[in-house]
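# Per-entry structural report
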Amino acid sequence: MKIITAQAPVNIAVIKYWGKKDENLIIPLNDSISGTLSMEHLCATTSIAFSNEFDSNRMWLNNVEVKIEDNKRLVRCIENVRKLAESTIGWPSDHHIRICSKNNFPTAAGLASSAAGYACLCYALCKLFEINDPKIISSLARLGSGSACRSIYGGIVRWIAGYDHQTSIARQVITENEWPEIRILVCVVNDHRKDTSSTFGMQLSCQTSPLIKYRAEHVVLEHCDQITKAIMERNFEKFAEITMKDSNQFHAICQDTYPPIRYMNDISWSIVNLIHFINNLFGYNVACYTFDAGPNACIYCLDNNVPILIKSIRRMFQKSDGTELAINGITYQTDQINIDQ
Ligand code: ADP
Ligand code: DP6
Ligand code: CO
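Presented here is an overview of the structure given in this document. Residue positions are counted from 1 within each chain, in the order its sequence is given. Whichever chain is written first becomes A and whichever ligand is written first becomes 1, with later ones labelled in order. Only residues with pLDDT of 70 or above have their local features reported here, since the model is predicted, and side-chain atom pairs are shown and tallied only from 80 upward, although totals for entire chains, interfaces and linings are computed over all residues. Here the side-chain values reflect all heavy atoms present in the structure, with hydrogen atoms and water set aside.

## Considerations on the pairing of strand 12 (residues 182–187)
- By the criterion of burial, strand 12 is predominantly enclosed, with six of the six residues buried.
- Residues I182, I184 and V186 line one face of strand 12 and the alternating positions R183, L185 and C187 line the opposite face, and both faces are buried.
- A pair of strands is labelled paired if DSSP reports no fewer than 2 bridges between them. Helical segments are the DSSP runs of H or I of at least four residues, strand segments are the runs of E of at least two, and each set is numbered from the N terminus. Two strands pair when backbone bridges link them, and strand 12 and strand 14 (residues 297–302) are joined in this way by six bridges, in the antiparallel orientation. Across the sheet, residue I182 finds its bridge partner in strand 14, namely L302. Working definition: with a 1.4 Å probe on protein chains only, accessible area under 20% of the residue-type maximum means buried, over 50% means exposed, and in between means partly exposed.

Written out as structure tokens, the structure is:
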């Protein structure tokens, strides 16, 4: 029996992916850009055992069995690895796998569990069969969940939309060591599974929102160019402005969807207001917020401002009896590293 264990971190988009040109190959409507967290915080851990003692492929996620055959993305990732393994060590037909994966953060709550989960699964599967090319692993991860292709790389990563399997690829913009002062505070507002999955939410937006087309044609590339320039110049002020505008436009598309989708809640909105209040007080952008498909806030800032931000958030969300926080957990990255075994 061969056993492999891997970990992969989440990534938090500053330019959001929302909508597909091709549902099957997961080719997005537009480019997206994200920061990959360091492993010691939000990550998926996946172990895979490979043996001729197993009579079928089975998987458990957070201790609950998931039927692989009911999830076409899982099937596709496994089948693609099986084909690729033909040119490495091979996958004998009498051998099967057992997959066990756990997230150390809320699953399906808008904190990119699908990104960490599929990056981890594909990385571990590839490791098992000695497939080592990160480009191949990233493209396989994309077939599981679009955002997962970015979690294969550390630092800041751009997923170029492309038009087919070969051209839709993730590339590192800067490594985790090239902007070491950058931090992400993850504020868990609500850890419940969201009502509308990202996959279904973006399908509905593509079918019904006029704003999503406008964004893809007139806004996203400009946001990508502006934020890439800001990243290259380590210009946090501009980085923050584009990040907030992009998050706001993504949630405007959710509202423009019919029926509308509401991922952010009242606490999410009070975090938005708090960040603008702090930025106004300082006279420049100390921090910026971004929200994925869920109510939980991700706040990008520079390391010297972490203490003041945590203090402000804790004070604002402390209940009147002083005992409980509406925000359950705050973690922040110290650096970003790539996935490892
Ligand atoms: P999120 O905002 O957390 O990414 P999504 O709606 O995009 O939410 O995806 C959630 C789905 O991702 C889960 O229902 C599950 O199918 C898949 N997923 C989450 N974590 C893992 C994991 N560790 N391994 C495999 N799949 C996972
Ligand atoms: C709002 O990658 O979860 O987090 O490709 O259908 O699995 P599928 O969707 P997913 O969508 C992520 C949407 C987002 C923005 C982002 O991460 O870019
Ligand atoms: Co997701």
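## A word on the packing of helix 1 (residues 72–85) against helix 2 (residues 113–128)
- Under this scheme, a helix contributes an axis fitted over its contacting stretch, all axes are lines through C-alpha atoms, and angles between N-to-C directions fall in the 0 to 180 degree range. In the contact formed by helix 1 and helix 2, the axes pass within 10 Å of each other and the chain directions differ by 25°. The orientation of helix 1 relative to helix 2 falls into the category roughly parallel. Classified by chirality, the crossing of helix 2 by helix 1 is right-handed. Listed contacts from helix 2 to R73, L74, C77, I78 and V81 of helix 1 are Y118, L121, C122, L125 and C126.
- Nonpolar residues are Ala, Val, Leu, Ile, Met, Phe, Trp, Tyr, Cys and Pro. Charged residues are Asp, Glu, Lys and Arg, and all others, Gly as well, are polar. Partitioning the contact of helix 1 with helix 2 into residue classes produces nine nonpolar, no polar and one charged. Small angles under 35 degrees read as roughly parallel and large ones over 145 as roughly antiparallel, with 65 to 115 read as roughly perpendicular and the rest as oblique. For any helix crossing, the convention is left-handed if the near helix is rotated counterclockwise from the far helix by under a right angle, and right-handed if that rotation is clockwise. Contacts between residues were defined by any pair of non-hydrogen atoms, one from each residue, lying within 4.5 Å.

## Describing the packing of helix 2 against helix 3 (residues 134–144)
- Remark: helix 2 packs on helix 3, axes separated minimally by 8 Å, with the N-to-C direction vectors making an angle of 135°. Accordingly, the angle class assigned to the pair helix 2 and helix 3 is oblique. Between helix 2 and helix 3 lies a crossing whose hand is right-handed. Taken together, the residues of helix 3 that come into contact with helix 2 (itself represented by Y118, A119, C122, Y123 and C126) are I137, L140, A141 and G144.
- The residue inventory of the contact of helix 2 with helix 3, partitioned by class, reads eight nonpolar, one polar and no charged.

## Considerations on unusual backbone geometry
- In this structure, P259 follows Y258 across a cis peptide bond, with omega equal to -5°.
- One can find P259 in the loop between helix 6 (236–256) and helix 7 (266–282).
- Although it is not a glycine, N63 adopts a positive phi angle of roughly 70°.
- Structurally, N63 is set in the loop between strand 7 (58–61) and strand 8 (64–66).
- The phi angle at E130 is positive, at roughly 60°, despite the residue not being glycine.
- Inspection of the secondary structure puts E130 in the loop between helix 2 and helix 3.

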